[in-house]
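# Examining the three-dimensional arrangement
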Amino acid sequence: MTAKLLDGKRIAAEIREEVAQDVKATAVSTGQPFRPCLVAVLVGEDPASKVYVRNKQRACEKAGIEGRTHRLPAESTQKDLMDLVAQLNEDPSVNGILVQLPLPKNGNAGAGFNERAVLDAIDPLKDVDCFSPVNVGLLMQGRPRFLPCTPHGIIQLLHRENISVAGKNVVVVGRSDIVGKPMAMMLAQRDGSCGRDVANATVTIAHSRTDDLAGVCRTADCLIAAVGVPEMVKGNMIKPGAVVIDVGINRVGDRLVGDVAFDEASEVASAITPVPGGVGPLTIAMLLHNTVMAAKLQSE
Ligand SMILES: Nc1nc(=O)c2c([nH]1)NC[C@@H]1CN(c3ccc(C(=O)N[C@@H](CCC(=O)O)C(=O)O)cc3)C=[N+]21
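Residues numbered from 1 in each chain as written. Predicted model: local features only at pLDDT ≥ 70, side-chain atom pairs only at ≥ 80, totals over all residues. Heavy atoms only, no water.

- Per an unreviewed UniProt entry, the protein goes by the name Bifunctional protein FolD and belongs to Novipirellula herctigrandis.
- According to the UniProt record, the Subunit (unreviewed entry) comment for the protein is "Homodimer."
- Reading the Function (unreviewed entry) entry of the UniProt record for the protein gives the comment "Catalyzes the oxidation of 5,10-methylenetetrahydrofolate to 5,10-methenyltetrahydrofolate and then the hydrolysis of 5,10-methenyltetrahydrofolate to 10-formyltetrahydrofolate." (UniProt positions renumbered as here; feature names shortened; annotations may be inferred.)

See the structure below:
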């Protein structure tokens, strides 16, 4: 079998266009200027992070969203960052705040940043990543405010490709707070609570300590790889005909590869996301969506 390519880039462009239309329509219906503002905070000089921030910036502009980037040197202290977050929380012209992760390890006189404390400090109504405890809690209870961008992008992809997971076995490989955990929860929910018909799956969370990981993966009708290990999921770990979603973005030399060994996986799967051009662009599209939502929530 040669798998169908799930074109995240095309779907992301479609969603970004919808967001742009929504921004215009909101200005018309309220009779007020409407220009949502997203602030990305970038600490240090990590080259990959700089690429993401630049991509986000460009996407914002095209959607009628103001994108700002605050750069702090890697040597900044925890207090510098906490003060900046407090200032952005207070600033009524700022609708969304995104602190780019991971924070540098070498900052703050070797002690590193307390990432949790920074995320906890972000105003939940400006938390467009959906990382704050209140927003994560609401999501877990099936009454989400924001949906986290990467899992939401995957939900949108499945929805728009008419791929149903209802009653099916989904294996999520990876248990991060950013992708694995919320993804598993969203797919297991009843129809509707995450805004889409992509729900009611039977979900397994697998990870580095899972016994017989390959065997567990082979039970998956839909396999979602979010581990951050280049090409870890091999063709022989995939059930013939499965849908494979690759969340990984790993730089190997000058090549960008996912968590799935794409060529061999394509021989077994029925559909697969490429890297690049798969989940990454969808993450940015859903970030724009959340920024517009934040601006609307704050104007209520
Ligand atoms: N607070 C926070 N929120 C995030 O959402 C967040 C973060 N921190 N830290 C880093 C990761 C990574 N991430 C990506 C988003 C889009 C692409 C993307 O659009 N990638 C393109 C190509 C990128 C390239 O060419 O380098 C693609 O996959 O086609 C990649 C990576 C968001 N993250």
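Read on, since the account is not over.
### Remarks on the overall build of the protein
- Scanning the protein for helices and strands turns up 10 helices and 11 strands.
- In terms of overall dimensions, the protein is globule-like: its C-alpha atoms have a radius of gyration of 19 Å, near the 19 Å expected for 300 residues.
- Each of the three principal axes of the protein carries a C-alpha extent, and together these read 50 × 50 × 35 Å.
- Across the 300 residues of the protein, 50% fall into the buried class.
- When contacts within the protein are restricted to residue pairs at least 6 apart in sequence, long-range pairs at least 24 apart make up 71% of them.
- Split by element, the accessible area of the protein, about 13700 Å² in all, is 53% carbon and sulfur.
- Across the protein, the 32 positively charged side chains and the 34 negatively charged ones have centroids separated by 2 Å. (Helix = DSSP H or I, 4+ residues; strand = E, 2+ residues; numbered from the N terminus. Rg over C-alpha atoms; globule rule 2.2 N^0.38 Å. Buried < 20%, exposed > 50% of the residue type's maximum accessible area, 1.4 Å probe, protein only. Contact = heavy atoms within 4.5 Å. Areas by Shrake-Rupley, 256 points an atom, 1.4 Å probe, with all protein chains shown as cover. Lys, Arg positive; Asp, Glu negative; His and termini not counted. Charge placed at Lys NZ, Arg CZ, Asp CG, Glu CD.)

### Side note on helix 7 (residues 180-188)
- Listed as buried for helix 7 are Gly180, Pro182, Met183, Ala184, Met186 and Leu187.
- Where helix 7 is buried, its residues contact helix 5 (133-140), helix 6 (149-160), strand 5 (169-173), strand 6 (202-206) and strand 7 (222-225).

### Here's the deal with the pairing of strand 8 (residues 243-246)
- By the alternation rule, side chains of strand 8 split into Val243 and Ile245 and Val244 and Asp246, which are all buried.
- In the sheet, strand 8 pairs with strand 11 (residues 271-272) via 2 bridges, with the strands oriented parallel. Bridge pairing in strand 11 links Val243 to Ala271. (Pairing = 2+ DSSP bridges.)

### With respect to a positive patch on the surface
- Together, Arg54, Arg58, Lys62 and Arg71 line one region of the surface with positive charge.
- Among the elements that line the positive patch, the one with the most residues is helix 2 (residues 47-62), at 3 residues.
- Tracing the chain through its elements places Arg54 in helix 2.
- By relative accessible area, Arg54 is classed as exposed at 52%. (Patch = residues over 30% accessible without salt bridge, like charges linked within 9 Å, V, L, I, M, F, W, Y side chains within 5 Å. Salt bridge = Lys/Arg side-chain N within 4 Å of Asp/Glu carboxyl O.)

### So, the site of the ligand
- Near the ligand there are 17 residues, and of these Val99, Leu101, Asp129, Arg251 and Gly277 occur at the shortest range.
- At 2.9 Å, a backbone N or O of Val99 approaches a nitrogen atom of the ligand.
- Gln100 places a polar side-chain atom, nitrogen or oxygen, 2.9 Å from a nitrogen atom of the ligand.
- Every element with two or more residues in the shell around the ligand is listed here: helix 2, strand 4 (96-99) and helix 10 (279-299).
- Among the elements that line the shell around the ligand, the one with the most residues is helix 10, at 4 residues.
- Looking at the shell around the ligand residue by residue, the classes come out as 11 nonpolar, 4 polar and 2 charged.
- Each of domain 1 (32-126) and domain 2 (148-280) contributes no fewer than three residues to the shell around the ligand. (Near = heavy atom within 4 Å. Polar contact = N/O pair within 3.5 Å; in protein donor to acceptor, adjacent residues only side chain to side chain. Nonpolar A, V, L, I, M, F, W, Y, C, P; charged D, E, K, R; others polar. Domains from an automatic or database assignment.)

### Focus: unusual backbone geometry
- That bond from Leu101 to Pro102 is cis: its omega, -5°, falls within 30 degrees of zero.
- When you line up the elements, Pro102 lands in the loop between strand 4 and helix 4 (115-121).
- Cis rather than trans, the peptide bond between Val275 and Pro276 has omega equal to -5°.
- Residue Cys130 is not a glycine yet carries a positive backbone phi of 60°.
- Mapping Cys130 onto the fold places it in the loop between helix 4 and helix 5.
- You can call Cys130 buried: its relative accessible area is 3%.
- With a phi angle near 50°, Asp212 is a residue other than glycine that sits in the positive phi range.
- Looking at where Asp212 falls in the secondary structure, it is placed in the loop between strand 6 and helix 8 (213-217).

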